[in-house]
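# Structural overview
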Amino acid sequence: MKRYVFWVVCVCVASIVHGRNSEENVTDVLAGLNLDDSEQSLQGLLNWAIENSDPEVLRQQAESFERGEMSQEELDMSRMDVKELMDMMASQPSETDLLKEALAYLKDGGLTEEEHSSVLLAIQVLVEPIDNANDLKALDGIDIIVAYLDKGESLATLAAYVLGTAASNNPKFQNDLVGSHPDVFKTLIEMTQRYSLEGASKALYALSALVGNYAELRAMFYTNGGLNALHKLLGRKNLAPALVKKSLAFLTDLLYEDQIKIQDEDLIEAVISLIDHEDLDIKEKAITLSILLNSTEGSMEIMEKMDLGEKLAGARSELQKRLSLDEEDLFVSDLIALLDVLLTDPDPTDNTPPQAPSHEEL
């Protein structure tokens, strides 16, 4: 157990020192640990790394010394602490070694579910660099992580998070994952329907990363019923706003990348209905996606038959009232401008693909 605890803390310290994660992120990694008295020094080391890797803290220390508020002795002690930490980290295993050990822990039936969760979160930290993510195949790590997609919602959620992180902007890993587990699309898509907010969100994150900048994998997503899954999500009553936003953003990306023909009237109606959502961010995403649909063959014809003029004019009027209460609300002003674009009939002779919308990453 001591080796396991030491390993997790080393991952966290390395992550913070190299500036890849925040205190909040690594706190999640440590959530499954129950440190006894003999292990509190490791927790102290982590706390020290969090505090002393903060550029603002370091700047304040330097200014304090210049103002004479910090003695030479205190400054020397601080430098010794830095050297001690750097020496300790230099003597520890490489990130590849840590990844190997992490995968070995996941095979260990002696760990609790909370401890397995901590290891999965630590692996998520380790695979952020592309080179580390690409080591997973050689270490049989892909098989190990994918197996967790079938081990209950909590662990499956974390496994999807790991896969999404590793696949992000990483064509080699995307190929490795789908090459060895082509059914991963089906599994992740089912997670979006079966699990709660966090599980469905992480599954969408993994799917988005897996198909990003990769037309062949997007085709596999469509073949496995991905659009239908997004339809079901957007048509679900009382869906959490965060999941609505992620679904709209993902569908927008797909439509922009492939100009796919969406001829599902119910899906289009589900998107348009969200223009009236009280959350302005959801409203913005729904309007943006509707503009794309109204500029794409197939969905354009369906929207023409819907006679949306009155509905959109009503939505514009509501936004105009809101703007009258705060004329400096630039976001509402931008929404009105977007609605004006949607209210304007698209030029059927214009085959220029619409510009990519701006929205946060999944």
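Details of the structure are given in the entry above.
Because the structure is a prediction, the values reported are computed rather than measured.

We now examine the overall build of the protein. On a plain count of helices and strands, the protein comes out with 21 helices and 0 strands. Sequence separation of 24 or more characterises 73% of the internal contacts of the protein that already satisfy a separation of 6 or more.

A few words now on the packing of helix α6 (residues 95–106) against helix α8 (residues 130–138). Packing of α6 against α8 brings their axes to within 10 Å, and their N-to-C directions diverge by 45 degrees. One element, α6, and the other, α8, form an angle in the oblique class. As α6 runs across α8, the sense of the crossing is right-handed. Residues Glu95, Thr96, Leu99 and Leu103 of α6 touch α8, and the partners they reach there are Asn132, Asp135 and Leu136.

The next thing to look at is α8. All of the buried residues in α8 are Asn132, Ala133, Asn134 and Leu136. Looking at the buried side of α8, the elements it contacts are α6, α7 (113–126), α9 (141–147), α10 (153–167) and α11 (171–180). Looking one or two residues past α8, aspartate 140 carries a phi angle of roughly 60 degrees, positive in sign.

Looking now at unusual backbone geometry. Most peptide bonds are trans, and most residues other than glycine sit at a negative phi. Even without a glycine there, the phi angle at asparagine 169 is positive, about 55 degrees. By the secondary structure assignment, asparagine 169 is in the loop between α10 and α11. Of note, asparagine 238 is a non-glycine position whose phi angle comes to about 60 degrees, a positive value.

What follows covers helix α18 (residues 280–293). Over its 14 residues, α18 extends 20 Å from the first C-alpha to the last, a length consistent with the 20 Å expected when each residue adds 1.5 Å. Most of α18 is tucked away: 13 of the 14 residues are buried. Sitting at the head of α18, aspartate 279 places a side-chain oxygen 2.8 Å from the backbone nitrogen of aspartate 281.

Moving on, we get to the environment of aspartate 135. Tracing the sequence through the fold places aspartate 135 in helix α8. Aspartate 135 sits in the partly exposed class, given a relative accessible area of 25%. The spatial distance from the C-alpha of aspartate 135 to the C-alpha of phenylalanine 173 is 9.0 Å, given a sequence separation of 38 residues. With residues near it in sequence (within four places) discarded, aspartate 135 still touches Thr96 and Leu99. Here threonine 96 takes part through its side chain, which lies 3.4 Å from a polar atom of the side chain of aspartate 135.

Definitions and cut-offs
- Residues numbered from 1 in each chain as written.
- Predicted model: local features only at pLDDT ≥ 70, side-chain atom pairs only at ≥ 80, totals over all residues.
- Heavy atoms only, no water.
- Helix = DSSP H or I, 4+ residues; strand = E, 2+ residues; numbered from the N terminus.
- Contact = heavy atoms within 4.5 Å.
- Axes fitted to C-alpha atoms, helices over the stretch in contact; angles between N-to-C directions.
- Parallel < 35°, antiparallel > 145°, perpendicular 65-115°, else oblique.
- Left-handed = near helix turned anticlockwise from the far one by under 90°.
- Buried < 20%, exposed > 50% of the residue type's maximum accessible area, 1.4 Å probe, protein only.
- Expected span 1.5 Å × (residues − 1).
- Polar contact = N/O pair within 3.5 Å; in protein donor to acceptor, adjacent residues only side chain to side chain.

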